[in-house]
Amino acid sequence: MKVNIVIVGGGFAGLEFINYLGNNDKFQITLVDVNNYNFFPPLIYQVSTGFMEPSAISYPFRKILRNKKNTRFRLGELLRVEPNQNKIILKNGELHYDILIMATGTESNFFGNKNIEQYSLPMKTISDALTLRNTILTRLDRATRVREAEERKKLLSFVIAGAGPTGVELSGILSEMKASIILKDYPEFVNNDLGDIYLIDGTDSVLNVMTKKAQSYTYKKLIQFGVKIKLNTLVKDFKDDTVYLSDGSQIYSKNLIWAAGVKAKTFDGFNLESYGKGGRLKTNSFNLVMGYNNIYALGDSAIITTDGQYPDGHPQLAQPALQQAKNLAKNFARQDEKWEKFVYNDKGSLAIIGRNKAVLDFPNHKSSWSGFIAWLIWLFVHIMGLVNFKNRVRTFYDWIGYYIFKDQSFRMIIKPNEKNKLE
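Everything numeric here is computed off the predicted structure, so don't read it as measured data.

So, how was this worked out
Residues numbered from 1 in each chain as written. Predicted model: local features only at pLDDT ≥ 70, side-chain atom pairs only at ≥ 80, totals over all residues. Heavy atoms only, no water. Helix = DSSP H or I, 4+ residues; strand = E, 2+ residues; numbered from the N terminus. Buried < 20%, exposed > 50% of the residue type's maximum accessible area, 1.4 Å probe, protein only. Salt bridge = Lys/Arg side-chain N within 4 Å of Asp/Glu carboxyl O.

Caption draft 1: Representation of unusual backbone geometry within the structure. The phi dihedral of Asp240 is positive, around 50 degrees, even though this residue is not glycine. Tracing the backbone through its elements, the reader meets Asp240 in the loop between strand E15 (235-239) and strand E16 (242-245). Taking the relative accessible area as the measure of exposure, Asp240 reaches 66% and is therefore exposed. Despite not being glycine, Asp241 has its phi angle at roughly 60 degrees, a positive value. When you line up the elements, Asp241 lands in the loop between E15 and E16.

Below you can see the structure in the form of structure tokens.
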């Protein structure tokens, strides 16, 4: 009898696990995901600004799994887990398992602020990215018809909450659009019409998980790009086209982009004691969820409580997810042999600021690079991180075109037809 493994979530961790065990005759694996495609989150901001098309960073699961003879895909949204019956309840049915692996990743954390949740623009999914792209392009076009200077500035000003990699990358790419694209496409504007780009963060630095050298370089370059940075400041509310800040100031804008925080996705059915900080499932060093003997958690969904170097969990990045999935898959393949504990291998951090400008921290923050070489390394790492060769070639082609012509061609407003309701 094959061991029936159900994996919920087809991100970095889920696919990496399948990559190692998908053809192993001892297991029957079912991958469950709310989408029918995998996508590459580090490049989602480029989709949201029209620099890449969605298909360049996404790929259908069924095509990815064609050559995995012991793996099947199930499209469905997880509603709850029933550990006592070894089954999960989906929006369109249920599945039984011998082993359950939770790899559902994160979602935006609005910290309980309903106005921000309702009116801001998050940056977590392909749908979010397309919504943001439609919003940016629609408001640019609308601004060409607005005569009042204050109203036009609200349409053309962007406030980005969160100065982590996503916030930095997004503010950098918006400033590049402002400098090299918008005035070409919208001759109705003059320079003082374009509004401002604000980057807001509650800590005392941009990229606060990187070295001081990387932070200083990034701050300096963003200021040169014209980005207005406010640190040690929180976004407290967003209503009536006004962003309210914790220092008492206000920014008048219709566009609040939310990149200020994430939390793990949580589901009914787990013991409350199994959840740790940020909604992550507490596990031992083998990624086994505390309180259960056949449920595991990987990547952003897991907080390994036995690693003293990371008491609040490993960084919610690609590398911990990939490494945990690989370690768990190899342990399953060992069967009765002694399992190996997970040990995180820090491979460094990268963030892009703009054309020819990026920062690179080496493992354990031993040294840092910035500028053109770091930018080239960023390009290589992100191209190789895409799921297949076709996507890598397409992305490389798009980037070469932008690098040469300082332009992009995916600035289309494409809205779904609400009449066509899906399952």
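Caption draft 2: Quick peek at the pattern of salt bridges. Applying the stated criterion to the full structure yields 16 salt bridges. One salt bridge in this structure joins Glu77 and Lys91, with 3.8 Å as the shortest N-O distance. With Glu77 in the loop between strand E5 (71-75) and strand E6 (78-82) and Lys91 in the loop between strand E7 (87-90) and strand E8 (93-96), this residue pair connects regions lying 14 residues apart in the sequence. The exposed category is assigned to Lys91, whose relative accessible area is 62%. Salt-bridge contacts for Lys153 lead to Asp196; the nearest nitrogen and oxygen are separated by 3.4 Å. A residue pair is termed long-range when its members are at least 10 positions apart, and Lys153 in helix H6 (residues 149-156) and Asp196 in the loop between helix H8 (182-185) and strand E13 (197-200) qualify at 43 residues. Residue Asp196 is classed as buried on the basis of its relative accessible area, which comes to 12%. Beyond isolated ion pairs, a larger network of salt bridges with shared partners links Arg80, Glu82, Lys87 and Glu94.

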